[in-house]
Amino acid sequence: MIKRILIVGLGSIGKRHLSIARELLPQAEIAVLRHKVDRTIPDGADHIFSTMVEALAFTPQLAVIANPATFHLSAAMPLAEIGVHLLIEKPLSATSEGVEELLETCKKTDAVLAIGYNLRFLQSLQKFKSILDDQVIGDVWSVRSEIGQYLPSWRPDSDYQKGVSAQHALGGGSLLELSHEIDYLRWIFGEVDWVQAILTQQSDLAIDVEDTAHLILGFVSNGSERPLVASVNLDFIRQDTMRLCTAIGSLGSLRWNGITGIVESWALGTTGWQEIYKHQATRDESYVEEWKHFIACIKQPSQPFITGEDGLRVLQIIEAARLADNSKSQVKIGGLNESREL
C-alpha cells in the first residue's frame, strides 16, 4: 500500500506528475518539495516543503524527481539512501558524474529506480517496434530520426528564456531536453557503439545552449558486415512541430509519426505510404501508463521498463556527442578518450 508520495519540483512536469499521482492514488498523502520558500499548498497536494530535511522526515515511499536535471542527483541520493522508490524525469542527470553511485545505492536499499522516458509507453511507438521486430520490412539498413519544435511555442504562457530548456545551468539544450530520441533508438535498434555530432546555435533565440544537434549513431554489430547507422536531428527552432522516425529496410520502409500516432509503410514495389496503425495518445496517456508500470514494479518488486542503466547510457551517448563535436572526430561510447579524426 503506497501511502506517502513526494514530488520534487513544481514546474510544468512536476505539476503533471502531481495530478497523475492524485488521480491514481487518491488515498495517498502527497507532499511537494520545491526550492522556492512558499507555504501555499498546491492543488492536489497535502504538504509543501522547502528543505530536504522536511522531505526526509515525511518518509515518502516513492518520489518523483522533476526538478531541473542539474539537481536530480542531489535530490535523489538522500531519498535512495533511505530506500525511497524513485521515478526520475528524463534526463537522469545533466552529466554522468555521480550516476553510478546512485545506481549502487538503489541496489543496496532495494529502491526501484525508473527513468521518465515516457515515449516508450506510447502505443504507436510500441507498434512501430513490434512491426520492425517481426521484420515486416526485412533487414533494417538505415534509420532517420527527427524532433523539432520552436522553443518559445512549447509553453506559450511562460517566458522561454527562464525555462530549463534555455539554460545551461539547469541542464537545458536540445541534446538533453530532446534525449527521448536517443533512448527509444537504443530500445528499438540496440546498443550504440559510436557517435559523430555537430552541435550549434543556429537561431537568434536568447539561450546559452545548443538549439540544434545533428548526430550520426553507429550501432553495435549483430554479426552483420554493415552495422546499422542512424541520423538524428534534434532542434528548438522548427516552426512546423515534427517528431518522426523512419526505418529503411530491404523490403520497404516504416515510418512512425509521434505527433499523430500514425505508423505507415512503403512496401517494396509500391508507390506510396500506407497507414497500417493509428493511435493518437491523449496528453497524459503515456505518463499514466508510466506511473502504472512504476507502481506495479514497487508492489511486486521487479526491474522497471526503463532502468537507471538506460538513463546512464543515454548520458554517455550525449557526452560522447559533445566530445565528438569539440574534437570533430568519431567517438566510441563508453570510451570517451577513444576518438578518430574524421
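Asker: I would appreciate a short explanation of the overall build of the protein in the present structure.
Answerer: Along the protein, the regular secondary structure elements total ten helices and 16 strands. Taking 20 Å as the expected radius of gyration for a compact globule of 342 residues, we find that the protein reaches 20 Å, a close match to that expectation. Looking at the protein residue by residue over its 342 residues, the buried ones come to 52%. Each charge class in the protein can be summarised by its mean position, and for the 31 positive and 43 negative side chains these summaries are 3 Å apart.

Asker: So what exactly am I meant to see when it comes to the packing of helix H3 (residues 72–81) against helix H4 (residues 99–109) here?
Answerer: Pairs of packed helices are described in terms of their axes, by the angle between the two and the distance that separates them. Between H3 and H4, the least distance of the axes is 9 Å, while the angle of their chain directions is 20°. In terms of axis orientation, H3 runs roughly parallel to H4. As for how H3 packs across H4, the hand of that crossing is left-handed. Taken together, the residues of H4 that come into contact with H3 (itself represented by Leu73, Ala76, Met77, Ala80 and Glu81) are Val99, Glu101, Leu102, Thr105, Cys106 and Thr109. Among the residues making up the contact of H3 with H4, the classes are represented as seven nonpolar, two polar and two charged.

Asker: What's the story with the nonpolar core in this structure? I'm lost.
Answerer: Nonpolar side chains tend toward joint burial in soluble globular proteins. Ranked by size, the top nonpolar core spans 83 residues in total, and within it Leu86, Leu102, Phe128 and Phe189 carry the most contacts. Counting residues per element, this core draws most heavily on helix H10 (residues 308–327), which supplies eight residues. Apart from the residues lying within four places of it in its own chain, the contact partners of Phe189 are Leu132, Val140, Val143, Phe219, Leu228, Cys245 and Ala247. Counting residues in hydrophobic clusters, the runner-up holds 26 residues, among them Leu18, Val32, Leu62 and Tyr287.

Asker: What am I meant to see in the packing of helix H5 (residues 123–133) against helix H8 (residues 180–189) here?
Answerer: Two elements in contact, H5 and H8, have axes whose closest approach is 10 Å; the angle formed by their N-to-C orientations is 30°. Comparing the axis directions of H5 and H8 gives the class roughly parallel. By crossing handedness, the relation of H5 to H8 is classed as right-handed. Touching Leu125, Gln126, Phe128, Lys129 and Leu132 of H5 are Tyr184, Trp187, Ile188 and Phe189, all from H8. Considering only residue class, the contact of H5 with H8 consists of seven nonpolar, one polar and one charged.

Asker: Explanation requested: unusual backbone geometry in the structure shown.
Answerer: Note on backbone geometry: most residues besides glycine have negative phi, and most peptide bonds are trans. The omega torsion of the bond from Lys90 to Pro91 falls at -15°, within 30 degrees of zero and hence cis. Its place among the elements puts Pro91 in the loop between strand S5 (85–89) and H4. Of note in this structure, Thr59 is not a glycine but carries a positive phi near 45°. With respect to the element layout, Thr59 can be found in the loop between helix H2 (52–57) and strand S4 (62–65). You will see that Asp110, though not glycine, has its phi angle at about 60°, which is positive. Relative to the assigned elements, Asp110 resides in the loop between H4 and strand S6 (113–116).

Asker: Help me understand H3, please; the structure alone is not making it clear to me.
Answerer: Each α-helix turn comprises 3.6 residues. Residues three or four places apart therefore point the same way. Of all ten residues making up H3, eight are buried, and the element is well covered by its neighbours. Among all positions in H3, only His72, Leu73, Ala75, Ala76, Met77, Pro78, Leu79 and Ala80 are buried. Packing partners of the buried residues in H3 comprise strand S1 (4–8), H2, S4, S5 and H4. One or two positions beyond H3, positive phi appears at Gly83, with a value near 85°.

Calculation notes
Throughout this description, residue numbers start from 1 for each chain and increase along the sequence as written. Reporting in this predicted model follows two pLDDT cut-offs: at least 70 for local features of residues, and 80 or more for side-chain atom pairs to be given and counted; totals over whole chains, interfaces and linings ignore these cut-offs and use all residues. Side-chain descriptors were evaluated using all non-hydrogen atoms of the structure, hydrogens and water having been removed beforehand. In DSSP terms, a helix is any run of H or I states spanning at least four residues, a strand is any run of E spanning at least two, and both are numbered starting from the N terminus. Using C-alpha atoms as the atom set, the radius of gyration is obtained and then compared with a globule rule of 2.2 Å times the number of residues to the power 0.38. A 1.4 Å probe rolled over the protein chains alone gives each residue an accessible area, and that area as a share of the maximum for its type sets the label: buried under 20%, exposed over 50%, partly exposed in between. Counted as positive: Lys and Arg. Counted as negative: Asp and Glu. His and the chain ends are not counted at all. Think of each charge as sitting on NZ of Lys, CZ of Arg, CG of Asp or CD of Glu. The angle between two axes is taken between their N-to-C directions and runs from 0 to 180 degrees, where each axis is a line fitted to C-alpha atoms and a helix contributes only its stretch in contact. Each angle gets one of four labels, with under 35 degrees taken as roughly parallel, over 145 as roughly antiparallel, 65 to 115 as roughly perpendicular, and the rest as oblique. Should the near helix be turned counterclockwise from the far one by less than a right angle, the crossing is left-handed, whereas a clockwise turn marks it as right-handed. Pairs of residues are marked as contacts when any of their non-hydrogen atoms sit within 4.5 Å. Each residue gets one of three labels, nonpolar for Ala, Val, Leu, Ile, Met, Phe, Trp, Tyr, Cys and Pro, charged for Asp, Glu, Lys and Arg, and polar for the others, Gly among them. Working definition of a nonpolar core: buried Ala, Val, Leu, Ile, Met, Phe, Trp, Tyr and Cys residues. They are joined through side-chain atoms within 4.5 Å.

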